[in-house]
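# Results of the structural survey
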Amino acid sequence: MSSPDRSAAAPDPDAQAPLDGPAPETKPAPTIWEQMGGPMGMLDSGLPVVVFVLVNAIWHHLGWAIGSALAAGAAIAVARLVRRKPVTQAVAGLFGVGIAAFIAYRTGSAKGYFLFGIWSFVLYGSVLLLSILVRWPLIGVLWESINGRGTAWRKDRKLVRRYDGATAVWVVVFAARFAVQNQLYRADQVGWLATARLLMGYPVYLLAIVVTVLIVGSANGMSLPSLATVMGRKAPADPTAVEPE
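For clarity, every value in this text was computed on a predicted model and none was experimentally measured.

### Looking at the overall build of the chain
Check the secondary structure of the chain and you find 11 helices and 0 strands. Listing the helices and strands of the chain from first to last along the sequence gives α-α-α-α-α-α-α-α-α-α-α. Across the 245 residues in the chain, those meeting the buried criterion constitute 33%. Counted over contacts in the chain with a minimum sequence separation of 6, partners at least 24 positions apart contribute 64%. For the chain, the computed accessible surface area is about 16,200 Å², with 66% contributed by carbon and sulfur atoms.

What follows is the structure, encoded as structure tokens:
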């Protein structure tokens, strides 16, 4: 009688035992809303402006208004660090408030607090417009870089035109912000200038993001339902999925 085949029964020492339990879930990428800071991001960006305008309007003292805005900016930076936000974000926010406060001090006018932001719109809009003229629309560069597809998209003329249009949307956003706020600056309307700064900030950016996706999203497999997921809401459940017993 032949002996049994021991090689068939012996376990393979190199084989790995199956893992018990479900596979570990990968951490989802942060949504656009999360990258912008969410509700706290809106508060962080608007609080120094509100504090500056309110203190200046109540006490009519530029020095107190500047000091209050700097204190608010420092408090926000500390709060960001406590919430374990990136240090660069906290430093950048405090740096921006510091520059605005310094310009207000040098000009001796409350409206000077908004001057840095107003002219930054010109810089951003000009860079975006130049990118269209040289056929390297920045929205395309950013979008394709995030998705890791390199520069092959520039060979697709139709796609380049879409990115041109999306980049032009942002040019219009910055041009509108400059036109409105510069006019209010010239008219010495500090209160309305602060209001315009807030209303033309996050709300306008979110609208521009939606328009950007409408222009280029369909060519990249993204639609408004998927935009809702990217912006921060969970994707709707699949109605055809079978619930486990």
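Don't stop here, the text continues.
### Things to note about the packing of helix H6 (residues 115-133) against helix H8 (residues 157-186)
Direction vectors running N to C along H6 and H8 enclose 155 degrees, while the axes themselves pass 8 Å from each other. Put simply, H6 runs roughly antiparallel to H8. The way H6 lies across H8 gives a crossing that is left-handed. Between H6 and H8, the contacting residues are Leu115, Ile118, Trp119, Phe121, Val122, Tyr124, Gly125, Leu128, Leu129, Ser131 and Ile132 on the first element and Asp164, Thr167, Ala168, Trp170, Val171, Phe174, Arg177, Phe178, Gln181, Asn182 and Tyr185 on the second.

### Some details on the nonpolar core
Membership of the largest hydrophobic core comes to 25 residues, with the highest contact counts inside it found for Phe52, Val53, Ile66, Tyr113, Phe114 and Leu193. Of all the secondary structure elements, the ones that give two or more residues to this core are helix H3 (38-59), helix H4 (62-82), helix H5 (87-107), H6, H8 and helix H9 (190-199). For this core, the leading source of residues is H5, giving 5 residues. Summarising the domain contributions, this core has at least three residues from each of domain 1 (41-108) and domain 2 (110-222).

### Some remarks on the UniProt feature "transmembrane region" (unreviewed entry) in the chain
On the UniProt side, "transmembrane region" (unreviewed entry) is annotated at positions that read residues 49-78, 90-107, 113-143, 163-180 and 200-224 here. Note that residues 113-143 is 81% helix and 0% strand, and that its end C-alpha atoms are spaced 33 Å apart. End C-alpha atoms of residues 163-180 are separated by 26 Å, and the span's content is 100% helix alongside 0% strand.

### Here's the deal with H6
Its 19 residues place the ends of H6 28 Å apart at the C-alpha level, agreeing with the 27 Å of an ideal helix rising 1.5 Å per residue. Remark: Arg135 follows H6 within two positions and exhibits a positive phi of approximately 65 degrees.

### Examining the packing of helix H7 (residues 138-146) against H8
For the pair H7 and H8, interaxial distance at closest approach is 7 Å and the crossing angle is 110 degrees. In terms of axis orientation, H7 runs roughly perpendicular to H8. Contacts between H7 and H8 involve Leu138, Ile139, Gly140, Trp143 and Glu144 on the former and, on the latter, Leu159, Tyr163, Ala166, Thr167 and Trp170.

### Let's talk about the packing of aromatic side chains
Tallying each qualifying case throughout the model produces 11 aromatic pairs. Ring centres of Trp136 and Trp153 lie 6.3 Å apart, and the angle between their planes is 90 degrees; this geometry places the pair in the edge-to-face category. Of this pair, Trp136 sits in the loop between H6 and H7 while Trp153 sits in the loop between H7 and H8; the two residues are 17 residues apart in sequence, bridging distant segments of the chain. We classify Trp136 as partly exposed; its relative accessible area is 36%. Counting every residue linked through ring pairs, the aromatic cluster contains Phe121, Tyr124, Trp170, Phe174 and Tyr205. Lying across the ring of Tyr185, Lys111 places its NZ or CZ 4.5 Å from the centre.

Thresholds applied
Residues numbered from 1 in each chain as written. Predicted model: local features only at pLDDT ≥ 70, side-chain atom pairs only at ≥ 80, totals over all residues. Heavy atoms only, no water. Helix = DSSP H or I, 4+ residues; strand = E, 2+ residues; numbered from the N terminus. Buried < 20%, exposed > 50% of the residue type's maximum accessible area, 1.4 Å probe, protein only. Contact = heavy atoms within 4.5 Å. Areas by Shrake-Rupley, 256 points an atom, 1.4 Å probe, with all protein chains shown as cover. Axes fitted to C-alpha atoms, helices over the stretch in contact; angles between N-to-C directions. Parallel < 35°, antiparallel > 145°, perpendicular 65-115°, else oblique. Left-handed = near helix turned anticlockwise from the far one by under 90°. Core = buried A, V, L, I, M, F, W, Y, C linked by side-chain atoms within 4.5 Å. Domains from an automatic or database assignment. UniProt positions renumbered as here; feature names shortened; annotations may be inferred. Expected span 1.5 Å × (residues − 1). Phe/Tyr/Trp six-rings, centres within 6.5 Å; stacked < 30°, edge-to-face > 60°. Lys NZ or Arg CZ within 6 Å of the ring centre and 35° of its normal.

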